[in-house]
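If you want the building blocks of each chain, they are given just below.
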Amino acid sequence: CGDIFTTGTCSSLYPDQGDLEVPAFSPDGRTLWASTGGGNTVAVINVVTGQEVGRIGVGADPWGVAATPDGSRVLVANNGSNSVSFIGPATSGCT
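Residues numbered from 1 in each chain as written. Predicted model: local features only at pLDDT ≥ 70, side-chain atom pairs only at ≥ 80, totals over all residues. Heavy atoms only, no water.

A.B. asks: Give me the overall build of the chain: which residues, what numbers.
C.D. replies: Within the chain, the regular secondary structure consists of one helix and eight strands. In sequence order, the chain lays out its α and β elements as α-β-β-β-β-β-β-β-β. Here the chain holds 95 residues, and the buried ones make up 37% of them. In the chain, of all internal contacts separated by at least 6 residues, the share reaching a separation of at least 24 is 24%. (Helix = DSSP H or I, 4+ residues; strand = E, 2+ residues; numbered from the N terminus. Buried < 20%, exposed > 50% of the residue type's maximum accessible area, 1.4 Å probe, protein only. Contact = heavy atoms within 4.5 Å.)

Have a look at this one:
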C-alpha cells in the first residue's frame, strides 16, 4: 500500500479502476472508498478481494473522502459542486 500513502492515489494498487484519488478506509480496513474525480462517483473496493463492488454517484468533481470513526458514514467533499455527499456504507448508497 505504499503508493496510497506516498502519492494519495490508488491507481497502481488497483490499475483497472482508473484514476482513483483520496482514499478512505473503513474502520475494519476491509473496504476502501476512493473518489473518481471527473467521474463524479466514489468507487467502493473490497480490500480483501481487490475487487470494485460498486460506484456511488456523488456531486461534481469529488475530491476528499473520509469515513467517520464508527464507520456509519462516509463523507465526500465535492469540489465542482461545492457540496458534501454523505454515504451510508451499509447500503453503499448516497444519502
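So much for the structure itself; the text now carries on.
A.B. asks: Lay out the environment of Pro69 in plain terms, naming residues and giving numbers.
C.D. replies: You can see Pro69 is positioned in the loop between strand E5 (62–67) and strand E6 (74–78). The class for Pro69 is exposed, based on a relative accessible area of 79%. Taking the C-alpha atoms as reference points, Pro69 and Ser26, separated by 43 residues in sequence, lie 8.3 Å from one another.

A.B. asks: How would you summarise the sheet that holds strand E3 (residues 41–46) if you had to cite specific residues and measurements?
C.D. replies: Read across the open sheet, the four strands follow the order E1-E2-E3-E4; overall the sheet is antiparallel. Whereas interior strands pair on both sides, the edge strands pair on one side only; in this sheet they are strand E1 (21–25) and strand E4 (51–57). Taken pair by pair, the neighbouring strands of this sheet meet at an average axis angle of 25 degrees, ignoring direction. As defined by bridge partners, strand E2 (residues 31–35) adjoins E3 across five bridges and the pair is classed as antiparallel. Each residue of the ladder has a partner; that of Leu32, found in E3, is Ile45. (Pairing = 2+ DSSP bridges. Axes fitted to C-alpha atoms, helices over the stretch in contact; angles between N-to-C directions.)

A.B. asks: Residue-level account of the nonpolar core, with values.
C.D. replies: The biggest cluster of nonpolar side chains holds 10 residues, and these are Ala24, Trp33, Val42, Val44, Ile56, Val58, Val65, Val74, Val76 and Ile87. Where this core is concerned, the elements lending two or more residues are E3 and E6. Among the nonpolar cores identified, the runner-up in size contains five residues, and Leu20, Leu32, Ala34 and Ile45 belong to it. (Core = buried A, V, L, I, M, F, W, Y, C linked by side-chain atoms within 4.5 Å.)

A.B. asks: Tell me about the pattern of salt bridges, and name the residues and values.
C.D. replies: Evaluation of the coordinates by the stated rule reveals one salt bridge. Here Arg55 makes a salt bridge to Glu52, at a shortest N to O gap of 2.8 Å. With a relative accessible area of 25%, Glu52 lands in the partly exposed category. (Salt bridge = Lys/Arg side-chain N within 4 Å of Asp/Glu carboxyl O.)

A.B. asks: Before we move on, could you go through the confidence of the model for the chain and cite the residues and values that matter?
C.D. replies: Looking at the chain, pLDDT values average 77 and 73% of them are 70 or higher. The lowest-confidence element of the chain is helix H1 (residues 2–7), averaging 44 in pLDDT; the highest-confidence one is E6, averaging 92. (pLDDT = per-residue confidence, 0-100.)

A.B. asks: Requested: an account of the pairing of E4, with residues and values cited.
C.D. replies: Taken together, the six bridges between E3 and E4 define a ladder with antiparallel strand orientation. Bridge pairing in E4 places Val42 opposite Ile56.

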